[in-house]
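Close look at the chain arrangement
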Amino acid sequence: MEIKVYHQILDWNEDVSSQVKATLKEHHTILINIMGSPGAGKTSLLKEMIQSLRKEYSIGVIEGDITTSIDAKTIHDLGIPSVELNTDGACHIEAMSIQKILPEFDLNQIDILFVENIGNLVCPAEFDIGETMRMTILSIPEGDDKVAKYPLMFTQTDCLILNKADVLPYFDFNIERVQRDYQGVNPGAPSFVVSTKDQSGIDLLCGFLKEKIDSLL
């Protein structure tokens, strides 16, 4: 019975995600799903991407958190339309929540809608929220075994971002191992090594994003 209900939930979510995709396509809006653990630096990196992309694209943000509106306020302070989505304990965002929030934005005026998913390396990868693109962030302090331990998160993504590269000298982190494991589950997918502290790798990442976005708009 438990397995049966699980599949029903996934089927239902897939139906709603298709509706979300149709709405976004109608308005020529790209939805980018940002995934990663708590503390991986998702919000800090999102701020850097916004600053780089906002000159060319109009941007909105949905901030997913179990509780509080801290991250949404951080984005709002940048002058970017943002909505906080509290899951009240759930470890992921579902397509129904995105569908309900979309009317909060004037999609005719939004090129890119970022969704910062709940901090988790398991659940978010299992649910299609109607996104056009997925980004997975892994920070150096988390360790270099995470791709091997949580392969679905790194298989179902368009790029991997290794964040907090400025602390590499202080951690036993093997970048080559991570990239090898990543290519094993997601052959040919790009990866980037970045730091929001010293800005290393940010320009390269945002250049990739601009090319990707232009090809989708």
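See the structure above.
Below: a short report on this structure. (Residues numbered from 1 in each chain as written. Predicted model: local features only at pLDDT ≥ 70, side-chain atom pairs only at ≥ 80, totals over all residues. Heavy atoms only, no water.)

Each helix and strand in the protein was counted, giving eight helices and seven strands. Expected size for 217 residues packed as a compact globule is a radius of gyration near 17 Å; at 17 Å, the protein falls within 12% of this value. The C-alpha extent of the protein, read off along each of the three principal axes, is 50 × 45 × 35 Å. Expressed as a percentage of the 217 residues in the protein, the buried residues total 47%. Residue pairs in contact within the protein that sit at least 24 positions apart in sequence constitute 72% of those at least 6 positions apart. (Helix = DSSP H or I, 4+ residues; strand = E, 2+ residues; numbered from the N terminus. Rg over C-alpha atoms; globule rule 2.2 N^0.38 Å. Buried < 20%, exposed > 50% of the residue type's maximum accessible area, 1.4 Å probe, protein only. Contact = heavy atoms within 4.5 Å.)

Attention now moves to the pattern of salt bridges. Scanning the model with the defined rule gives eight salt bridges in all. As a salt-bridge pair, Asp-145 and Lys-146 come within 2.8 Å of each other at their nearest N and O atoms. In this structure, Arg-177 engages Asp-181 in a salt bridge whose closest nitrogen and oxygen atoms are separated by 3.6 Å. Within this pair, Arg-177 and its partner Asp-181 are both found in helix H7 (residues 175–185), separated by four residues, close to a single helical turn. One network of salt bridges, in which partners are shared, links Asp-144, Arg-177 and Asp-181. (Salt bridge = Lys/Arg side-chain N within 4 Å of Asp/Glu carboxyl O.)

Taken in spatial order, the seven strands of this open sheet run E3-E2-E4-E1-E5-E6-E7, and their pairing is parallel. Every interior strand has two partners, whereas the edge strands, strand E3 (82–86) and strand E7 (191–193), have only one. Between one strand axis and the next, the sheet turns by 20° as a mean value, whatever way the strands run. Where helix H2 (residues 42–53) meets the sheet, its contacts fall on strand E1 (30–36), strand E2 (59–65), strand E4 (112–116), strand E5 (133–139) and strand E6 (159–163), and the angle it forms with E4 comes to roughly 170°. Sheet strands touched by helix H8 (residues 202–216): E1, E4, E5, E6 and E7. Its angle to E5, the strand with the most contacts, is close to 165°. (Pairing = 2+ DSSP bridges. Axes fitted to C-alpha atoms, helices over the stretch in contact; angles between N-to-C directions.)

Once that is clear, we can look at the side chain of Thr-157. On the secondary structure map, Thr-157 appears in the loop between helix H6 (151–155) and E6. Of the residues examined, Thr-157 reaches a relative accessible area of 7% and is grouped as buried. A distance of 3.1 Å separates the side chain of Thr-157 from the side chain of Thr-136, its partner in a polar contact. Residues within four places of Thr-157 in sequence aside, it is in contact with Arg-134, Met-135, Thr-136, Tyr-182 and Asn-186. (Polar contact = N/O pair within 3.5 Å; in protein donor to acceptor, adjacent residues only side chain to side chain.)

What follows covers the packing of aromatic side chains. Within this structure, the stated rule accounts for one aromatic pair. Centroid distance Phe-192 to Phe-208: 5.1 Å. Interplanar angle 45°. Geometry classified as tilted. Placement of the pair is Phe-192 in strand E7 and Phe-208 in helix H8, with a sequence separation of 16 residues. Taking relative accessible area as the criterion, Phe-208 reaches 19% and is therefore assigned buried. (Phe/Tyr/Trp six-rings, centres within 6.5 Å; stacked < 30°, edge-to-face > 60°.)

What follows covers the environment of Lys-73. On the secondary structure map, Lys-73 appears in helix H3 (residues 70–76). Relative accessible area serves as the criterion here: at 53%, Lys-73 is assigned to the exposed category. Between the C-alpha atom of Lys-73 and that of Gly-119, which follows or precedes it by 46 residues, the distance is 17 Å.

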